[in-house]
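# An overview of the molecular structure
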Amino acid sequence: MSDSPRPENDGPSSTPPGDDLPDFDLDFEIPDDLSSLTGSGDPEFAALITQIAGAEPLAAASSLAQLDLDAVPTSVGAVGVLKDLAGDAPVQAAMAISQLVRGVPLVLVTRTGEQMTAVRFADGVRGDELAPGLVLGGAPESVVDLLTGATSVADLDGVVGSTSISKFKAVRMLASAARKARRNMGKGEQGLGGKDGA
């Protein structure tokens, strides 16, 4: 019996393709949540675009919902700039405010780097995702500057912090606003946000 090695090209190989690769030590785990590879995953900015007329009513509703935000008055309704951006806090805030102010939809806008998302909420329920371009296209310049980061809350006038309003004051303010809205509707006048005041 010969001890000489067999020729390499002696007939078809019985080794399946790819099985002749060298062994590497690949002892690692793939995480279920890949957001850690690109950062915390939390947005850098989050705001609620509402149709609530005035910063104080939005701040009052946020106080009742135990939310910490800055309410900014705009010509199309108050915008609430959220301070808690961790995890699902922005979504929970949108659900809470839309539940308190039923029948008045709002839009949650979040921004991470150059990426912006917009989601509609109504009556405490998450709705469809909207194209950010459509949201920005229909907004006043002051709102666009705030959402894109060109302007900060500190640069704006008339801002009301939700933590500056007590629960008791918040209840009184919202009850008064509800009565006024009902009176306006009964007279056939414009609802909240009407400018003619006739």
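This part covers the nonpolar core. One finds Leu48, Leu82, Ile97 and Leu108 to be the most contacted residues of the largest nonpolar core, which totals 25 residues. When contributions to this core are tallied by element, the ones reaching two or more residues are β1 (45-49), α1 (55-64), β2 (69-72), α2 (89-100), β4 (106-112), β5 (115-122) and α5 (167-186). No other element matches the five residues that α1 contributes to this core. With residues up to four places along the chain from it excluded, the contact list for Leu108 reads Ala46, Ala47, Leu48, Leu82, Pro90, Val91, Ala94, Thr117, Ala118, Val119 and Phe121. Grouped together as the second largest cluster of nonpolar side chains are 16 residues, Ala47, Val79, Val81 and Val153 included.

Before going further, it helps to examine the pairing of β2. The side-chain alternation of β2 yields two buried faces, one formed by Leu69 and Ala71 and the other by Asp70 and Val72. Where β2 folds back onto strand β3 (residues 79-82) in an antiparallel hairpin, the turn is made up of six residues, including Gly77, whose phi is positive at roughly 135°. Of the strand pairs in this sheet, β2 and strand β7 (residues 160-161) are connected by two bridges, and their pairing is antiparallel. Each residue of the ladder has a partner; that of Ala71, found in β7, is Val160.

Turning our attention to α1. For α1, the buried fraction is high: seven of the ten residues fall into the buried class. Gln66 sits one or two positions beyond α1 and adopts a positive phi of about 60°.

Moving on, we come to unusual backbone geometry. Of note, Gln66 is a non-glycine position whose phi angle comes to about 60°, a positive value. Structurally, Gln66 is set in the loop between α1 and β2. Among the residues examined, Gln66 registers a relative accessible area of 66% and is labelled exposed. Positive phi is not limited to glycine here, since Asp123 has a value of about 55°. Following the sequence through the fold, Asp123 ends up in the loop between β5 and β6 (125-130). For Asp123, a relative accessible area of 30% puts it in the partly exposed group.

With that out of the way, let us pick up the confidence of the model for the chain. For the chain, the mean per-residue pLDDT works out to 81, and 72% of the residues sit at or above 70. Segment residues 189-198 is flagged for pLDDT under 50; beyond a separation of four residues in sequence, or across chains, it makes eight contacts in the model.

A few words now on α2. Since one α-helical turn is 3.6 residues long, residues separated by three or four positions face the same way. Compared with an ideal rise of 1.5 Å per residue, which puts twelve residues at 16 Å, α2 spans 16 Å between its outermost C-alpha atoms and is within 8% of the ideal. Taken together, the buried positions of α2 are Ala89, Pro90, Ala93, Ala94, Ile97 and Ser98. Taken down its axis, α2 places every buried residue within 160° of arc, on the same side. Buried residues in α2 make contact with β1, α1, β3, β4, β5 and β6.

Turning to a positive patch on the surface, a few remarks are in order. There is a patch of like positive charges on the surface, built from Arg179, Lys180, Arg182 and Arg183. By secondary structure assignment, the location of Arg182 is in helix α5.

Rules behind the numbers
Residues numbered from 1 in each chain as written. Predicted model: local features only at pLDDT ≥ 70, side-chain atom pairs only at ≥ 80, totals over all residues. Heavy atoms only, no water. Core = buried A, V, L, I, M, F, W, Y, C linked by side-chain atoms within 4.5 Å. Buried < 20%, exposed > 50% of the residue type's maximum accessible area, 1.4 Å probe, protein only. Helix = DSSP H or I, 4+ residues; strand = E, 2+ residues; numbered from the N terminus. Contact = heavy atoms within 4.5 Å. Pairing = 2+ DSSP bridges. pLDDT = per-residue confidence, 0-100. Expected span 1.5 Å × (residues − 1). Arc of directions from axis to C-beta. Patch = residues over 30% accessible without salt bridge, like charges linked within 9 Å, V, L, I, M, F, W, Y side chains within 5 Å. Areas by Shrake-Rupley, 256 points an atom, 1.4 Å probe, with all protein chains shown as cover. Salt bridge = Lys/Arg side-chain N within 4 Å of Asp/Glu carboxyl O. Lys, Arg positive; Asp, Glu negative; His and termini not counted. Charge placed at Lys NZ, Arg CZ, Asp CG, Glu CD.

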